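# Examining the three-dimensional arrangement
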Amino acid sequence: MKHNIKTPERLFTVALAGNPNVGKSTLFNALTGMNRHTGNWAGKTVDNAEGRVRIGEELYSFYDIPGTYSLMSSSPEEEIARDFICFGGADLTVAVCDASALERNLNLVLQILEITDSCIVCINLIDEAEKNGVRIDYRKLSEELKVPVIGVTARKKRTLKPLLELISESRFTEKTERKPVVRYDRNIEEGIEKLLPFIEDKNGTALSSRWIALKLMENDSSLISGIEGYIGCGLRGNPEISEILSEIRKSLYDNGINGNTLREKIVTSIMNRGEKIALSAVENSPGYTPRDRKADRIITGRFWSFPIMALMLMVVFWITIVGANYPSEGLSWVFSNLCEGFIAFFSSIGVPDFITGLLIDGGFRVLGWVVSVMLPPMAVFFPLFSLLEDSGLLPRIAYNLDNTFRKCGSCGKCALTMCMGFGCNAAGVTGTRIIDSPKERLIAVITNTFAPCNGRYPAIITLISLFFISSVSGFGGSVLSAVILTFVVFLGILATFGVSKLLSKTLLKSEKSSFVMELPPYRRPAFIKVIIRSFLEKTLSVLGRAATVAFPVGALIWLLANTELEGVTLLSRFTDFLDPVGRLMGLDGVILGAFIIGLPANEIVLPIILMAYMCSGTLSETESLTEIGRILTDNGWTVFTAINFIVFSVLHWPCSTTLLTVKKETGSIKWTLISFIIPTLLGFSLCVILNFLWNTITLL
């Protein structure tokens, strides 16, 4: 097969393909300078990302496609990967492999080589493999695969120069036809040979004619339709091809090969060839290390898994609470002084009091409160969460939850998307693309809001500090805060299990799909890189979204709190209208109104409550937790109010960003409304029940 030599004027397209968790996204980031989120577990990449790279004088377009174990499509990510390699117009495919799991990775490499001969095999993580005693003969591997092979460590950019040079050479090198790397059963090979002349006549050089022949014999209807559309020619409707296919299938059937056994034989041939190549090119491969096995007996064991999981969460929360206190107070002091400075400046230049109040007492004070309260805990929590992920511990939490999700009638992959939701529910909803079954994907979408996101932690931590541990100081207080916060998170997890079970028995009945999860190796995280990446990608991103909403909402609340109608402010009229419902829930109209107005972002709910309670509509007095506690207690808050606030904070409607993401992912107003209604009804009902029980006990 020959391809035209690529000209400098044409943008050369490179696809990065490979199994999950081989470092494709890390390599993509290192090559392109982008910050696509990576993690030490499967399922992180669920769509294609594009980045541009200049090598010498020429520009290249790189695509990071989802990780997949096979191109024999059985899941959305496999379809995305396969379709891009086949029909995405990639000039070159870089097949990324894990040096310590080369035999398993070669199964996908061999499938890619069936489709295209324009390929480079990139062996990643060679530093880890060498530490474990793995030695790879790159020359031998290249001879066996008949394509260039190179070893890199994606985290070390200096090792990537030879790869870039190979890619550059491929751009201007004429490709010649090579012999197939995989040979199949004699009967299958005979069928391919019979079909090849007719397919080559129709196909030209668009795709591998040998691979098309194989797909025609498999009778993969959806893929064949894609092939016909890509080459612009019908194959199944061609009388000559149809006649030969009938002869081939009859011959295969006579030799005991039907549709199912044909695919089995193809897969077996690929696996056997991969095993043979690995044996000839790899020495001393230890596979899964004894140390990893010992650790997993404890961390994923039946007895210790859940206690260890709870302990890890408590440690993360404890470090977050302790580490956020002093920076939060410092930022609060800075913003308080800035406010006073702005007010004095506005006054000196004659700005009307109304404008000063709207912009400074309203918008800027709420913005300052959100930044001072949110930034420190997020700056601590996100890196800790990323370190768990990078080390390989977070995937094991998902693995431990797999069996419980199955019992609830859902898919084990929901555990992965729930973990994504702990950072941001919108990201968790997007992550549900890794779930094969449409009905199980909907369950994951609807229940993801029960995973408390980082927008809710600051308010919850503040209330825990004020109402539950105010009499406990020092180390004991911080530990108790972490324990209580862990129980709050488990409330969301229990809600996820319960609603998943209910949906699987009612609206979304379906058969359970299979879930295969590859546990990644334990790795020492790249601490500095993880901390910087999580701060830039997560902390600033979430804070930016909250700040963008905080200023206009703060100005709106100030306006409502300072605009009177018949002697009563508009804000008071709104909260008074909601007060009966709020009281029924053990809250009040101000709290319920704050949740409603705070729909754009959970981060601003508590600031809205404080502004509504302040007579001036500002946060001018809230310079410490003590002042916040005084404002809340002066307005009737008790320990029980705090409990119901926390319950409703975990179990209520998703934020507007998450709802828009649900609409985008489902393409349905119906399921978006259901995603809003179900958590709202659950949160409302539970608060009403708790309020009834509390009032009954109080009367006794």
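Summary of the structure given here. (Residues numbered from 1 in each chain as written. Predicted model: local features only at pLDDT ≥ 70, side-chain atom pairs only at ≥ 80, totals over all residues. Heavy atoms only, no water.)

Our focus in this paragraph is helix α10 (residues 239-254). Taking 1.5 Å of rise per residue, the 16 residues of α10 would be expected to cover 22 Å, and the 23 Å separating its terminal C-alpha atoms lies within 8% of that figure. Residues of α10 that are buried: Ile 241, Ile 244, Leu 245, Ile 248 and Leu 252. Taken end-on, α10 shows its buried residues confined to a sector of 105°, consistent with a single buried face. The outward face of α10, more than 90 degrees from its buried face, is lined by the exposed residues Pro 239, Lys 250, Tyr 253 and Asp 254. At the C-terminal side of α10, Gly 256 shows a positive phi close to 80°. (Helix = DSSP H or I, 4+ residues; strand = E, 2+ residues; numbered from the N terminus. Expected span 1.5 Å × (residues − 1). Buried < 20%, exposed > 50% of the residue type's maximum accessible area, 1.4 Å probe, protein only. Arc of directions from axis to C-beta.)

What follows concerns the state of the cysteines. A full pass over the atoms with the stated rule returns 0 disulfides. For the unlinked cysteine Cys 453, the closest cysteine sulfur is that of Cys 655, found at 6.3 Å. Exposure remark for Cys 453: the relative accessible area of 8% places this residue in the buried category. (Disulfide = S-S within 2.5 Å.)

What follows covers the packing of helix α18 (residues 438-447) against helix α28 (residues 669-699). Close contact between α18 and α28 brings their axes to 9 Å; oriented N to C, the two are set at 45°. Comparing their axes, α28 and α18 come out oblique. Crossing of α18 over α28 shows right-handed handedness. For the pair formed by α18 and α28, the contact residues are Leu 442, Val 445 and Ile 446 on the first element and Trp 671, Ile 674, Ser 675 and Ile 678 on the second. Residue composition of the contact of α18 with α28, grouped by class: 6 nonpolar, 1 polar and no charged. (Axes fitted to C-alpha atoms, helices over the stretch in contact; angles between N-to-C directions. Parallel < 35°, antiparallel > 145°, perpendicular 65-115°, else oblique. Left-handed = near helix turned anticlockwise from the far one by under 90°. Contact = heavy atoms within 4.5 Å. Nonpolar A, V, L, I, M, F, W, Y, C, P; charged D, E, K, R; others polar.)

Below, the discussion takes up the pattern of salt bridges. Any two side chains of opposite charge can pair, so long as their charged atoms come close to each other. A complete count under the given rule lists 20 salt bridges for this structure. Residues Lys 215 and Glu 218 are paired through a salt bridge, measuring 2.6 Å at the closest nitrogen-oxygen approach. Of this pair, Lys 215 and Glu 218 both sit in helix α8 (residues 209-218), separated by 3 residues, roughly a single helical turn. Assigned by exposure class, Lys 215 and Glu 218 land together as buried. One salt bridge connects Arg 263 with Glu 218, and the closest N-O pair in it is separated by 3.3 Å. Pair noted here: Arg 263 is in helix α11 (residues 259-281) and Glu 218 is in helix α8, with a separation of 45 residues, a long-range link. For Glu 218, a relative accessible area of 13% puts it in the buried group. (Salt bridge = Lys/Arg side-chain N within 4 Å of Asp/Glu carboxyl O.)

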